[in-house]
Amino acid sequence: MDDGTSQSSAAAPMTRENIPLLTRQRNRWYSFSCWRKWFRPRELRARNVNLGRPNTEKFPPNEIRNQKYNFITFLPLVLFEQFRFFLNLYFLLMALSQFIPDIRIGYPYTYWGPLGFVLMVTICREAVDDLRRHQRDHEVNSQKYKRLSASHGNGYEMVPSSKLKVGDVIVVEKNERVPADLILLRTSDRSGSVFVRTDQLDGETDWKPRLAVPYTQKLSRDADLYNIDASFYVEKPQNDIHSFIATFCMTDGSEDTGLSVENTLWANTVVAAGTATGIVIYTGCETRSVMNNSQPRSKVGLLDTEINGLTKVLFCAVLGLSLVMMMLKGFGGPWYRYMFRFVLLFSYIIPISLRVNLDMGKAFYSWQMQNDDNIKGTVVRSTTIPEELGRISYVLTDKTGTLTQNEMVFKKIHLGIVSHDADTFHHIGQMIQKLSGSILQQQQQQGSLSSSSSAGENTKPIMFAGNRMRRPEGWREWEAVRALALCHNVTPVSDDEDNHSVSTTSTVTGGNNSPTKSVINIEAPGSTDTEHQYQAASPDEIALVKWTEQVGLTLIARDTNTMTLQVKTASDENDILLHYQILQLFPFTSESKRMGIIVRESKTGQITFYLKGADVVMSSIVQYNDWLSEESGNMAREGLRTLVVAKKVLTEEQYNDFETRYNAARLSISDRVAKVAAVTESLEREMELLCLTGVEDRLQENVRPTLELLRNAGVRVWMLTGDKLETACCIAKSSQLIGRNQGLYVLRSVKTRTEAHQELNHFRRKQGHALVISGESLEVCLQYYRLEFLELATASPAVVCCRCSPTQKAQVVALIQKHTRKRTCAVGDGGNDVSMIQQADAGVGIEGREGRQASLAGDFSIPQFSHIAKLLLIHGRRSYKRSAALSQFVIHRGLIITTLQAVFSAVFYLSSVALYQGFLMVGYSTLYTMFPVFSLVLDQDITSETAVTYPELYKDLSKGRSLSYKTFFIWVLISIYQGGVIMYGALILFVDEFIHIVAISFSALIMTELIMVALTVRTWHRLMVLAELFSLALYLISLAVLHEYFDWEFIWSYDFLWKVSLITVVSCLPLYIIKFLRKKCSPPSYLKLS
């Protein structure tokens, strides 16, 4: 507060109303409000972004950050994560207690050494992992872009993406990643369009057109952007990638321009063709891509959770045992001190080495996965959860790029009376070459008739369609090929044009669904040195146009109004060119499931309406036939994506009438979409069926056997995709995601509670059917009937969710985890799969065509989907089985020495004195038994071949029987028996001195542990034998060296040898007999197979 303010405050009269009665409370409230202001989440709000002028408002930095920690939070957060485990917290308290002299037992290093080692290993591992994440983030944030700058001579400056701010105007070149959310201002194409790949955002690999702001596109150069006085009013940041609301405003008072999602470039998309100039509107955490990604979470395996529960049981056992000792001793004197000393004596029942062994085991399993020649390219990015792969019940996978290669191949065409496939496609090409003369003659006749009609004669186009019997041979094939070459949204682009093509977006016809684009390089017929690029609405259309080129009808040019085809003749020099005028274009929509085009042939003037679409909608549009339904079913069973193609010839009067009604419907204010659809449907009646096509979406290598292996292993597979319903169903069938004997139930689109109730009741009666549901219907079902839907879906053999957003994918994973309590594995290859991968218990990223974002975000990275089977069935199984055996044996090692201590204290007047002092306690869990016990990570119950040949063996793992309370209490009984035998045997057999008890019991204890490891092993490895011999040799050397613990003369006596041998045999022989009888009478399933 300044002086002027102080003086005015002092001068103000003090009245009853303004006396500050609660000054202290006011200060507290001020502090609380400051705290809320600093640490509350940033409020998202709409904003004005100035063009060419600085923006004063502050926005988040444009940095990608996947790190879990920073320099300040690293140590506190890592320690918090470690001491969140009861095991580590317990030993921290035990170690701290050794600073109190009255309750100190032995040497402090026996407690602090193992705990410090565990923490050091964990800290180093977390530091290395986070450093790698930082390096990957730095690589992306350092990528440089051209920023428009008025101060530089050339008008541009290169800046890293992390330095970009809201209001900056940047240039994104072809194949560059868009660094922030932009509004498109200018493009290298004169029409103002540019194509982007959004596979990292929504999973769709097809290209999408984007349009520049009309006013800024008209400017002659980028530098002129800073000479206009304009601003953008944009909505607040949100995670909806399919909608956007903004306004372009000029300060001179001219009319504002409304902007939509078609005028944007979202971050993490890639400019596919041309160059784009845009203004930054959202940065960093406010971009659409980041808002659709969940924060990475620290995953804790189910095995670790179960072990944490067992340590709590052991802690209760420690307290109970200590309490029993105190009850026998009596509560006289400083009993609490004795009580705590007993707790310390029995603390080895909870072994600190358990965490060390498990962490080292996990690192070994990860190394084995990465070095398996059968799954080359596998990378383990999270070494904390390899055991999760052995208990997976649900695999949730993306479609595009994960199950499929997204490469469409034209496989079959059916013409009603004849069917052609790859073996007979050349016959169609030969027929078209034979017909080329007839086509040329027809054009010449139509040309002369057209000239006579201009003189006033009333003529009609000459068509071979006038009499079906008079059509020449191959005319049916010609009509089908021509329809496929015309009815599409494909634009050929040459390399020398630098992708500057006239786009045929849906804005031409007023549709809401802009077609997407994709590129395939082909060679034009008759030219070996010309390479074309095809930009198309979908890969399906690329395959169709490529096939028409293969059989002799090539699309060589197209713009918004015209299309040119080239007919290949016997001599390449006389190729025929057919010119068509595009009158109307009806783009494909998910509601209509079809697309159409009306063209006029330039020379003949014939107007033809071509239509292609799914058989379910086209069957009622085409004329009656007796083959379409049967053949489409046959192709679907082959896993082909089918399209029905039809045509209708229109007279000039018919088309003029249609155009009038169509334009009127497009200008309607209310119900525009319904009225336009109604007018279009008036043409779609009694159309001539031309052909049925079958296109195959190539699957990834070995997808079918992999899915079958997972199904036989009891793993339910869900496919979550952003693609269309028809495509998802087709891939589900072709990949055999759905079994041969299983049906497919498509849950129709529901929008109300009543509709959802009816559909779920219908599905309930379809037992054994796989479920197909869209993202919108999924939202409705989860809103009203969450439990009912999840019960039905999780019981279904397979589920396909189409049109899923990235957020929905993660929600589905979370719902399965919460409802079933089973372990989930998510597999994906695109940026839109990151949220799902991070949410799943085990996230697997595939490094493929859609980039490395999913691969880097996953816990595991694989090069192809087929590796997932061996990752689960072999490595997942071994990791879980080995960790279960290792943890139980380490617990047994602590239980048996605690039993010895308890018997010793009970016999020697309930004294709280340690049986084994100093180095013996440390050496017991390290030098003498560590190597044989840890060698259990090399054990395997079945071979890799058996695990893959009999995937049904995997089903037992999800039940968690390898580590359960039943197996735990069996090991408790074994430990009590062996500890009692060893201690009482040593007490009975010793003669002279107390040191002999220590020598006999400790030697018998070491021998028992080594034999128990040998009894546990199922498949011997040479390193296991070496570990046993090495540990035995170390102990024998210790007997000779450690004179303060062992009597040298007694050690070399015959009495010591037979006493130790007798106690060891009594402690181990009964257990071996029981194990042998159990294996003979009730062998496990894997032994039956081997």
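Values in this document were obtained by computation on a predicted structure and should not be read as measured data.

Student: What's the story with the packing of aromatic side chains in this structure? I'm lost.
Tutor: Two aromatic rings are characterised by how far apart their centres lie and by the angle between their planes. Applying the stated rule across the entire model yields 32 aromatic pairs. Each ring, one from Phe99 and one from Trp112, has its centre 5.8 Å from the other, and the planes form 50 degrees; the classification is tilted. Of this pair, Phe99 sits in the loop between α4 (86-97) and α5 (109-141) while Trp112 sits in helix α5; the two residues are 13 residues apart in sequence, bridging distant segments of the chain. Take Phe99: its relative accessible area is 55%, and that puts it in the exposed class. Residue classification places Trp112 among the partly exposed residues on the basis of a relative accessible area of 30%. Here the aromatic rings of Phe232 and Phe248 are separated by 5.1 Å at their centres, their planes lie at 45 degrees, and the arrangement is tilted. Of this pair, Phe232 sits in strand β8 (residues 230-234) while Phe248 sits in strand β9 (residues 246-250); the two residues are 16 residues apart in sequence, bridging distant segments of the chain. In this structure, Phe232 and Phe248 share a single accessibility class: buried. Each member of the aromatic cluster is reached from another via a ring pair, and the members are Tyr916, Tyr924, Tyr928, Phe1002, Tyr1035 and Phe1046.

Student: Please clarify how the nonpolar core should be interpreted in this entry.
Tutor: Across soluble globular proteins, you tend to see nonpolar side chains buried next to one another. Core analysis: the largest hydrophobic core is formed by 103 residues, its most contacted members being Phe860, Phe865 and Ile868. Counting residues per element, this core draws most heavily on helix α27 (residues 867-907), at 13 residues. If we skip the residues at most four places from it in the chain, Ile868 touches Thr706, Leu710, Cys825, Val827, Val844 and Ile862. Membership of the second largest hydrophobic core comes to 44 residues, among which are Ile432, Leu486, Leu544 and Leu565.

Student: Honestly, the confidence of the model for the protein chain in this entry has me stumped. Any pointers?
Tutor: Regions with low pLDDT carry predicted coordinates that are not meant to be interpreted in detail. Taken as a whole, the protein chain shows an average pLDDT of 82; of its residues, 86% reach a score of 70 or greater. Per-residue pLDDT stays below 50 along residues 496-530; that stretch engages in 111 contacts with residues further than four places along the chain or on separate chains.

Student: Help me understand the pairing of strand β24 (residues 594-601) in this model?
Tutor: Moving residue by residue along a regular strand, the side chains alternate between the two faces of the sheet. Counting buried residues along β24, 8 of its 8 residues qualify, which places the element largely inside the surrounding structure. Note that strand β23 (residues 576-586) and β24 share 6 bridges and pair antiparallel. Bridging from a neighbouring strand, Tyr580 pairs with Glu601 of β24. Pairing analysis gives 7 bridges linking β24 to strand β25 (residues 607-613), with the strands arranged antiparallel. Pairing of Gly596 across the sheet is with Leu611, part of β25. Taken together, β24 and the strand that follows it, β25, pair antiparallel across an intervening segment of 5 residues, in which Gly605 is found at a positive phi of about 75 degrees.

Student: For this particular structure, what's the right way to read the environment of Tyr156?
Tutor: Within the secondary structure, Tyr156 is located in strand β3 (residues 156-160). Each C-alpha atom of the pair Tyr156 and Val171 lies 9.1 Å from the other, and the pair is 15 residues apart in sequence. Those residues in contact with Tyr156, other than ones at most four positions away along the chain, are Lys146, Arg147, Leu148, Ser149, Val171 and Asp222. Of the polar contacts made by the side chain of Tyr156, one reaches the side chain of Asp222; its length is 2.9 Å.

Student: Just checking my understanding: could you explain the sheet that holds strand β32 (residues 823-828) for this structure?
Tutor: Within a beta sheet, neighbouring strands are joined by backbone hydrogen bonds and run either parallel or antiparallel to one another. A sheet is described by the order of its strands in space; here 9 strands give the open sequence β14-β34-β33-β32-β15-β28-β31-β30-β29, paired in mixed fashion. The sheet is open, and its two edges are formed by β14 (379-380) and β29 (744-746), each paired on a single side. Alignment of strand β15 (residues 392-397) against β32, held across 5 bridges, turns out to be parallel. In the strand pairing of β32, Tyr394 is matched with Thr824.

Student: Before we go on, may I ask you to explain the environment of Tyr226 in this structure?
Tutor: Locating Tyr226 in the fold gives a position in the loop between α7 (214-217) and β8. The class for Tyr226 is partly exposed, based on a relative accessible area of 25%. When the C-alpha positions of Tyr226 and Ala150 are compared, they lie 7.6 Å apart, and in sequence the two are 76 residues distant. In contact with Tyr226, other than residues within four places in its own chain, are Gly52, Leu148, Ser149, Ala150 and Val169. A distance of 3.0 Å separates a polar side-chain atom of Tyr226 from the backbone oxygen of Leu148.

Student: I tried to follow the side chain of Gln940 on my own but got confused; where do I start?
Tutor: Considering the arrangement of structural elements, one finds Gln940 in the loop between α29 (930-934) and α30 (944-949). One polar contact links Gln940 to Arg878, side chain to side chain, over a distance of 3.3 Å. Gln940 has contacts with Arg878, Arg882, Arg1018 and Thr1019, leaving out every residue within four places of it along the chain.

Student: I would appreciate a short explanation of the sheet that holds strand β17 (residues 419-421) in the present structure.
Tutor: Here we have 9 strands laid out as an open sheet, ordered β17-β16-β27-β26-β25-β24-β23-β22-β21, and antiparallel in their pairing. With partners counted over all chains shown, the strands left at the sheet margins are β17 and β21 (553-558), one partner each. On average, adjacent strands in this sheet sit at an angle of 30 degrees to one another, irrespective of strand direction. Across the sheet, helix α20 (residues 725-734) lies against β16 (404-414), β26 (641-650) and β27 (688-699), angled at about 60 degrees from β27, the strand it touches most.

Student: Where do I start with the packing of α4 against helix α10 (residues 335-345) in this structure?
Tutor: Helix-helix packing: each pair is described by the crossing angle between the helix axes and the interaxial distance. One can describe the packing of α4 onto α10 by two numbers: an axis separation of 11 Å at closest approach and a directional angle of 125 degrees. As the angle between them shows, α4 and α10 are arranged oblique. Where α4 crosses over α10, the handedness of that crossing is left-handed. When α4 is examined against α10, the residues Tyr90, Met94 and Ser97 are found in contact with a partner set consisting of Phe340, Val343 and Leu344. Of the residues belonging to the contact of α4 with α10, the class tally is 5 nonpolar, 1 polar and no charged.

Student: Looking at this model, I keep getting lost on the environment of Arg877. Mind explaining?
Tutor: Checked against the element boundaries, Arg877 lands in helix α27. For the pair Arg877 and Ala947, spaced 70 residues apart in sequence, the C-alpha to C-alpha distance is 8.6 Å.

Student: Quick question: what am I supposed to make of the side chain of Lys612 here?
Tutor: Relative to the elements of secondary structure, Lys612 occurs in strand β25. On the accessibility criterion, Lys612 (4% relative accessible area) is buried. Within the structure, Lys612 has its side chain in polar contact with the backbone oxygen of Cys487 (distance 2.9 Å). Filtering out sequence-adjacent residues up to four positions away, Lys612 remains in contact with Cys487, His488, Glu541, Leu544, Arg594, Met595, Met618, Leu643, Val644 and Val645.

Cut-offs and rules
- Residues numbered from 1 in each chain as written.
- Predicted model: local features only at pLDDT ≥ 70, side-chain atom pairs only at ≥ 80, totals over all residues.
- Heavy atoms only, no water.
- Phe/Tyr/Trp six-rings, centres within 6.5 Å; stacked < 30°, edge-to-face > 60°.
- Helix = DSSP H or I, 4+ residues; strand = E, 2+ residues; numbered from the N terminus.
- Buried < 20%, exposed > 50% of the residue type's maximum accessible area, 1.4 Å probe, protein only.
- Core = buried A, V, L, I, M, F, W, Y, C linked by side-chain atoms within 4.5 Å.
- Contact = heavy atoms within 4.5 Å.
- pLDDT = per-residue confidence, 0-100.
- Pairing = 2+ DSSP bridges.
- Polar contact = N/O pair within 3.5 Å; in protein donor to acceptor, adjacent residues only side chain to side chain.
- Axes fitted to C-alpha atoms, helices over the stretch in contact; angles between N-to-C directions.
- Parallel < 35°, antiparallel > 145°, perpendicular 65-115°, else oblique.
- Left-handed = near helix turned anticlockwise from the far one by under 90°.
- Nonpolar A, V, L, I, M, F, W, Y, C, P; charged D, E, K, R; others polar.

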